[in-house]
Amino acid sequence: MKSSEFMKEEEFPFWINYKVHTARNTPPIHAHDFIELVYVTEGEAEHIFEGELYPLSKGDVFIINPGEVHTYKVKSDRKLGIINCLFMPSLFDEVWLRGLGISESMDYFYVHPFLEKCERFHRCLNLRGQEAEDIRTRLEDLSDEFESKRNGYSPLIRLQLVQLLILLSRIYVRRNVTTEQLNVKTHERKMFIQRICGYLERHYDQKLTISNLSELFNISPRHLNRIFKAETGKTVIEFIHHIRITRAMKLLTETNEKVISIAMDVGYDDPAFFTRLFTRKVGCSPGKYRDQSNVEAMEREEFLAVPNHPLSSEVSKV
């Protein structure tokens, strides 16, 4: 899904609505180029996220980030009501956030528990009681402001959404960060690195330098490199390349974009450098990687299409 289906980014990159999913009208499995904040208002279902199933019920809140594949599975006698809040990362300018003194809270909410795939859904925020009502009320206020479009609605929505994310962050901290932490300093350093990783995940297609990151996170370049390598096993630059090459591999297999365009999409101004780096990391050139992926896909289809093959009947049942 593209953000252009819901919002015009050059005008105001935000959209919110309420919808009810049943077994008959669940969306096909999909990904999108925007951030999706979801709040479950009623019912229950299973969330199919990156090939795994996670139970959902009233009061659950979670985020789907750009490029992640998901849908819902609803039983025939059940329904799932959700408030969908969609926005582009560009809605929040980093300078504006730092001016308000809230960038750290924003990053904390994004990264922990939502950017860490291994933790995201078993640490989904399960809101109940007054907490659930408060968050729902704030989302409904956002929806009302968006629908009415009164004077000054866009800056007000930005402020309301920031407030909502900070409140969700507080709830998470209250529930999950306790005095049982064995080493507070180690925990704080880990969270700091996760903030940086979250920022890189969201801005990998932009010009990123150690100098800029050091200024943004108020840390010396030398110290940044040292603690980042200690926590992740990679330097900051290696981590950026990893994100970009992984994204490029996905685009090569799922789109018909030219290699030069994909290089630009993932943040490389020099296509020749991108090709050399891709070849070194993956073991073959971008073009060869795409060709191999297409051949493997065709062979898979031909294999499953063989008459009387035992897997053919199984596939037809899916």
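Residues numbered from 1 in each chain as written. Predicted model: local features only at pLDDT ≥ 70, side-chain atom pairs only at ≥ 80, totals over all residues. Heavy atoms only, no water.

From N to C terminus, the protein includes 12 helices and 7 strands. For the protein, the residues scored as buried account for 42% of the 318 residues in total. Taking the intrachain contacts of the protein between residues at least 6 apart in sequence as the baseline, contacts between residues at least 24 apart amount to 70%. Just so you have it, the protein exposes about 17,600 Å², and 50% of that area is on carbon and sulfur atoms. (Helix = DSSP H or I, 4+ residues; strand = E, 2+ residues; numbered from the N terminus. Buried < 20%, exposed > 50% of the residue type's maximum accessible area, 1.4 Å probe, protein only. Contact = heavy atoms within 4.5 Å. Areas by Shrake-Rupley, 256 points an atom, 1.4 Å probe, with all protein chains shown as cover.)

Quick look at helix α7 (residues 221-232) now. Here α7 is 12 residues long and its end C-alpha atoms lie 16 Å apart, about the 16 Å a rise of 1.5 Å per residue gives. Within α7 the residues assigned to the buried category are Leu-224, Ile-227 and Phe-228. Along the long axis of α7, the arc covered by the buried residues comes to 105 degrees, so they all point the same way. Opposite the buried face of α7, by more than 90 degrees, sit the exposed residues Arg-222, Arg-226 and Ala-230. Where α7 terminates, the next one or two residues include Gly-233, which has phi positive at roughly 85 degrees. (Expected span 1.5 Å × (residues − 1). Arc of directions from axis to C-beta.)

On the secondary structure map, Glu-231 appears in helix α7. Judged by relative accessible area, which is 29%, Glu-231 ranks as partly exposed. Counting along the chain gives 37 residues from Glu-231 to Gln-194, while the straight-line C-alpha distance between them is 9.3 Å. The residues contacting Glu-231, other than those within four sequence positions of it, are Arg-189, Lys-190 and Ile-193. Within polar-contact distance, the side chain of Glu-231 engages the side chain of Arg-189 at 3.1 Å. (Polar contact = N/O pair within 3.5 Å; in protein donor to acceptor, adjacent residues only side chain to side chain.)

The subject of this paragraph is the packing of aromatic side chains. The full count for this structure, using the stated rule, is 10 aromatic pairs. Look at Tyr-268 and Phe-274: their rings are 5.7 Å apart centre to centre, the planes differ by 35 degrees, and that puts the pair in the tilted class. Each member of the pair Tyr-268 and Phe-274 is classed as buried. Here the aromatic residues Tyr-268, Phe-273, Phe-274, Phe-278 and Tyr-289 are joined through ring pairs into a cluster of three or more. In this arrangement the basic side chain of Lys-149 is found over the ring face of Phe-146, its NZ or CZ atom lying 3.9 Å from the centre. For Arg-244, the ring lying beneath its charged end belongs to Tyr-268, and the centroid distance is 4.9 Å. (Phe/Tyr/Trp six-rings, centres within 6.5 Å; stacked < 30°, edge-to-face > 60°. Lys NZ or Arg CZ within 6 Å of the ring centre and 35° of its normal.)

We now examine the confidence of the model for the protein. Residues of the protein with pLDDT of at least 70 account for 78%, and the chain-wide mean is 82. Contacts for the low-pLDDT stretch residues 110-116, under 50 throughout, to residues beyond four places or in other chains number 32 contacts. Across residues 309-318, confidence stays below pLDDT 50; counting only partners more than four residues off in sequence or on other chains, it has 7 contacts. (pLDDT = per-residue confidence, 0-100.)

Among the 5 residues that make up strand β4 (residues 60-64), 5 are buried, leaving the element largely enclosed by the rest of the structure. On β4, burial covers both faces: Asp-60, Phe-62 and Ile-64 on one face and Val-61 and Ile-63 on the other are all buried. Bridge count between strand β2 (residues 35-49) and β4: 4 bridges; the pairing is antiparallel. The partner of Leu-37 across the bridge, within β4, is Ile-63. (Pairing = 2+ DSSP bridges.)

Further remarks concern the nonpolar core. Formed by 34 residues in total, the largest nonpolar core has its most connected members in Phe-14, Leu-37, Phe-87, Leu-127, Leu-139 and Leu-161. The set of elements that each furnish at least two residues to this core consists of β1 (14-21), β2, β4, β6 (80-87), α3 (129-148) and α4 (153-176). Of all the elements, α4 adds the most residues to this core, at 9 residues. Ignoring anything within four residues of it in the chain, the contact list for Leu-127 reads Tyr-39, Lys-58, Gly-59, Val-61, Ala-132, Ile-135, Leu-168, Ile-171 and Arg-175. Among the nonpolar cores identified, the runner-up in size contains 33 residues, and Leu-213, Leu-216, Phe-217 and Phe-278 belong to it. (Core = buried A, V, L, I, M, F, W, Y, C linked by side-chain atoms within 4.5 Å.)

Relative orientation of the contacting elements helix α8 (residues 236-254) and helix α10 (residues 271-282) amounts to 90 degrees, with a least axis distance of 11 Å. On the basis of their axis angle, the class for α8 and α10 is roughly perpendicular. Across from His-241, Ile-245, Ala-248, Met-249 and Leu-252 in α8, the residues of α10 making contact are Phe-273, Phe-274, Leu-277, Phe-278, Lys-281 and Val-282. Across the contact of α8 with α10, the residue classes break down as 9 nonpolar, 1 polar and 1 charged. (Axes fitted to C-alpha atoms, helices over the stretch in contact; angles between N-to-C directions. Parallel < 35°, antiparallel > 145°, perpendicular 65-115°, else oblique. Nonpolar A, V, L, I, M, F, W, Y, C, P; charged D, E, K, R; others polar.)

Under the definition given, this model contains 9 salt bridges. Taking the shortest distance from any N to any O, the salt bridge between Arg-78 and Glu-44 comes out at 2.3 Å. Here Glu-44 lies in strand β2 and Arg-78 lies in the loop between β5 (70-73) and β6, a separation of 34 residues in the sequence. On the accessibility criterion, Glu-44 (38% relative accessible area) is partly exposed. The partner of Glu-145 in a salt bridge is Arg-150, and the shortest N-O contact between them spans 3.1 Å. Linked through salt bridges whose partners overlap, the residues forming this network are Glu-44, Asp-77 and Arg-78. (Salt bridge = Lys/Arg side-chain N within 4 Å of Asp/Glu carboxyl O.)

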